[in-house]
Amino acid sequence: MKIGRSFLGVSYLALTALSLSSLSARPDKVNELYLESCASCHGSKFEGGMGGNLADGFWKHGESDHAIARVISQGLPDLGMPAYEKTLSAEQIRSLVVFLREKEKSTKTQSSPPPQPKEGRAVKSLEHSYKVETVIGSGLKTPWSLAFLPDGCRLVTERPGGLRVIDADGKLLPDPVAGTPRVIELGQGGMLDVAASPDFAKDGWIYLAFSDPLEGEKMRAMLKIVRGRIRDHAWTDEEVVFQTAPDFYTSNGVHFGTRMVFDSGYLYFIVGERGGKMEVQDLARPNGKIYRVFPDGTIPPDNPFTADKNAIPGIWSYGHRNPQGLATDPRDHAIYATEHGPRGGDEFNLIRKGANYGWPVISHGMNYDGSPLTGLTEKEGMEKPLLHWTPSIAACGLTCYTGDKFPKWKYDFFAGGLRGELHRIRVQKEKVVADEILLSDLGRIRDVRTGPDGFLYIVLNQPDRIVRLVPAE
Ligand code: HEC
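This is a predicted model, so every value here is computed, not measured.

This next bit is on the overall build of the protein chain. Within the protein chain one finds 6 helices and 25 strands. Compactness check: the protein chain gives a C-alpha radius of gyration of 23 Å against a globular reference of 23 Å for 473 residues, within 12% of the reference. Dimensions of the protein chain, computed from the C-alpha atoms along their principal axes, are close to 75 × 60 × 45 Å. Taking all 473 residues of the protein chain together, 56% fall into the buried category. A sequence separation of at least 24 residues applies to 59% of the contacts in the protein chain between residues at least 6 apart. Per element, the accessible surface of the protein chain, about 20,200 Å² overall, is 52% carbon and sulfur.

The structure is reproduced here in structure tokens:
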């Protein structure tokens, strides 16, 4: 599919990238707000004083975000907690809730850290004991995604541009596949996702999603998807599956989105917002959308926006920030995505046809500098996440576990995070009934996959390697 619409005005995007890079030098706005308004009674380290401790995880007056926001806004007049509804905006109050959640989590992580598994040692979790086993310990550069082929080979993308092969004996071949598309490793971009066609044994198609440099330029890129075949360790037969018009290419290096998943004869994939907030609410622009196309890139006639002349017809859902996990539940073919929020508000979403996921109108997060983003966490006509992580786990990589090595985990979702946590999520009747942190500290988790052998594979950066979880019972 090709998108041909023009739009001017990308300079603001470049500014966003600039402000992100100077982040560390800037004061934390929400910390300033806390010190000014709250520390006199709750202590500069949240330890309490005239008011209670705000970081110990005990919430006497209600532990939901809503209850905490209500205390701040209406106060507790009988106890001496002032009401802030007249002096602070809803946005500022939300930023304080996010801030207090960050403090609560760091106290909790210090007092009872999640498991930090050592190679080969059994770790007990709620339902299974597991061990971490190294699959590929060295030789990869920023591996991003892993795909399994029916003959036992595996493919791994490397963000700087490589497509690597692990042969059926488990050996990483020294050279990348020759002749794969040129990419630019612009910020978070590069060679990103890889997926094999569900009919690979018959058609041999491999799908690659990557940041495509604008013809003749080095500094502007946009997500592109191609498919091709590998013959004699070389990339051949390439066809374009998805590409946008040149106007949408930008020098902003953030939020490519990217993941691809096949289900019921369709290919689903993500284009992140690429730094352009409101554009994600505009169906005429490719940013911040999840797409559904046929495997050759053509548009299914019953896609939700095909009747809208202005809309990009491949769009399946919109209002996304930067989802980087996409998985399908084989039992009911429901599609799930994990999404990076800003500072706070990472999401686990059930992706419904035509639905609006609300970015940046609703969010559980605030801006990176601690300034408020929105006071709204829900709104009529916008989907709420099934689960949100505040503070953010930097959600990346998602799989629905379909193996048989961990029977009690069957059909649970496993979500990785660049901050190092692996979460096990159980969904029942469209509700999250469990969210267990299985491990942390192995590195930045880029991708999580169920292997055809039933083991759970994890692609890591810093250090760059691939490990898997095997039963330890
Ligand atoms: C003049 C003192 C004072 C100031 C200023 C103050 N608080 Fe409080 N706060 C209290 C008291 C007293 C309580 C009730 C403590 C208790 O129940 O033991 C309280 C309770 C709370 C609670 C409920 C805690 C729980 O366990 O459920 C929250 C949340 C809270 N304050 C947040 C804030 C925030 C955020 C600010 C700044 C915007 C703030 N407070 C400013 C005195 C204050």
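Quick look at helix α5 (residues 90–111) now. Structurally, the α-helix is built with 3.6 residues per turn, so residues lying three or four positions apart point the same way. Taking 1.5 Å of rise per residue, the 22 residues of α5 would be expected to cover 32 Å, and the 32 Å separating its terminal C-alpha atoms lies within 8% of that figure. When α5 is considered as a whole, its buried residues turn out to be I93, R94, S95, L96, V97, V98, F99, L100, R101, E102 and E104. In the core, the buried residues of α5 are packed alongside α2 (29–37), α4 (65–74) and β18 (387–389).

A few words on the coordination of the iron atom of the ligand. Taken together, the protein donors to the iron atom of the ligand comprise H42 (NE2) and M81 (SD), at separations of 2.0 to 2.1 Å. Coordination at the iron atom of the ligand comes from 6 donor atoms whose angles at the metal span 87 to 179°, giving a geometry best classed as octahedral. Here H42 is found in helix α3 (residues 39–42), whereas its partner M81 is found in the loop between α4 and α5, with 39 residues between them in sequence. In this pair, the class of H42 matches that of M81, namely buried.

Looking now at the site of the ligand. Close contacts around the ligand come from 23 residues, with C38, C41, H42, K60 and M81 the closest. Between a nitrogen atom of the ligand and a side-chain N or O atom of H42, the distance comes to 2.8 Å. Of all the secondary-structure elements, those providing two or more residues to the shell around the ligand are α3 and α4.

Attention now goes to the pairing of strand β25 (residues 465–471). A large share of β25 lies buried, amounting to 5 of its 7 residues. With 6 bridges connecting them, strand β3 (residues 129–136) and β25 associate as antiparallel partners. Bridge pairing links Y130 to P471 in β25. In this sheet, β25 lies alongside strand β24 (residues 456–461) in antiparallel orientation, the contact comprising 5 bridges. Counterpart to Y457 in the pairing with β25 is R468. Between β24 and β25, which follow one another and run antiparallel, lie 3 residues, and Q462 among them has a positive phi close to 50°.

Here the focus is unusual backbone geometry. Between T390 and the following residue, P391, the backbone shows a cis peptide bond with an omega angle of 5°. Structurally, the position occupied by P391 is in the loop between β18 and β19 (395–400). For the bond from Q462 to P463, the omega torsion is 0°, close enough to zero to count as cis. Mapped onto the elements, P463 comes out in the loop between β24 and β25. Located in the positive-phi region is T258, a residue other than glycine, with phi close to 110°. Mapping T258 onto the fold places it in strand β11 (residues 257–263). Phi at R274 is positive, roughly 55°, even though this residue is not glycine. Along the polypeptide, R274 turns up in the loop between β12 (266–271) and β13 (289–293).

Running from N to C, α4 and α5 point in directions that differ by 125°, and their axes come no closer than 10 Å. Considering their axes alone, α4 and α5 lie oblique with respect to each other. For the pair α4 and α5, the sense of crossing is right-handed. Contacts from D65, I68, A69, I72 and S73 in α4 reach I93, R94, L96, V97, L100 and R101 in α5. When its residues are assigned to classes, the contact of α4 with α5 shows 7 nonpolar, 1 polar and 3 charged.

Parsing the protein chain into structural domains produces domain 1 (38–111) and domain 2 (115–471). Relative to domain 2, the C-alpha centre of domain 1 lies at a distance of 35 Å. Between domain 1 and domain 2, the contact holds 11 residues from the first and 16 residues from the second. Both sides of the domain 1 and domain 2 interface together cover about 1,000 Å² of buried area, and 64% of this is carbon and sulfur. When the buried surface of domain 1 facing domain 2 is broken down by residue, R94, E102 and K105 rank first, second and third, together holding 46% of it. There are 2 salt bridges connecting domain 1 and domain 2.

Attention shifts here to the packing of α2 against α5. Between two packed helices, the angle of one axis relative to the other and the distance separating the axes together describe the packing. One can describe the packing of α2 onto α5 by two numbers: an axis separation of 10 Å at closest approach and a directional angle of 95°. By the angle between their directions, the pair α2 and α5 is classed as roughly perpendicular. Facing V30, N31, L33 and Y34 of α2, the residues of α5 in contact are Q92, S95, L96, F99 and L100. Residue classes in the contact of α2 with α5 are distributed as 6 nonpolar, 3 polar and no charged.

Within the secondary structure layout, D412 lies in the loop between β19 and β20 (413–417). Overall, the relative accessible area of 2% leaves D412 in the buried class. In this structure D412 touches T399, C400, Y401, R424, I425 and R426, once residues within four positions along its chain are discounted.

Conventions adopted
- Residues numbered from 1 in each chain as written.
- Predicted model: local features only at pLDDT ≥ 70, side-chain atom pairs only at ≥ 80, totals over all residues.
- Heavy atoms only, no water.
- Helix = DSSP H or I, 4+ residues; strand = E, 2+ residues; numbered from the N terminus.
- Rg over C-alpha atoms; globule rule 2.2 N^0.38 Å.
- Buried < 20%, exposed > 50% of the residue type's maximum accessible area, 1.4 Å probe, protein only.
- Contact = heavy atoms within 4.5 Å.
- Areas by Shrake-Rupley, 256 points an atom, 1.4 Å probe, with all protein chains shown as cover.
- Expected span 1.5 Å × (residues − 1).
- Donors = N, O, S within 2.8 Å, 3.2 Å for Na, K, Ca; no water.
- Tetrahedral: all angles 85-135°; square planar, octahedral: opposite > 155°, others 65-115°.
- Near = heavy atom within 4 Å.
- Polar contact = N/O pair within 3.5 Å; in protein donor to acceptor, adjacent residues only side chain to side chain.
- Pairing = 2+ DSSP bridges.
- Axes fitted to C-alpha atoms, helices over the stretch in contact; angles between N-to-C directions.
- Parallel < 35°, antiparallel > 145°, perpendicular 65-115°, else oblique.
- Left-handed = near helix turned anticlockwise from the far one by under 90°.
- Nonpolar A, V, L, I, M, F, W, Y, C, P; charged D, E, K, R; others polar.
- Domains from an automatic or database assignment.
- Buried area = accessible area lost by both parts, 1.4 Å probe.
- Salt bridge = Lys/Arg side-chain N within 4 Å of Asp/Glu carboxyl O.

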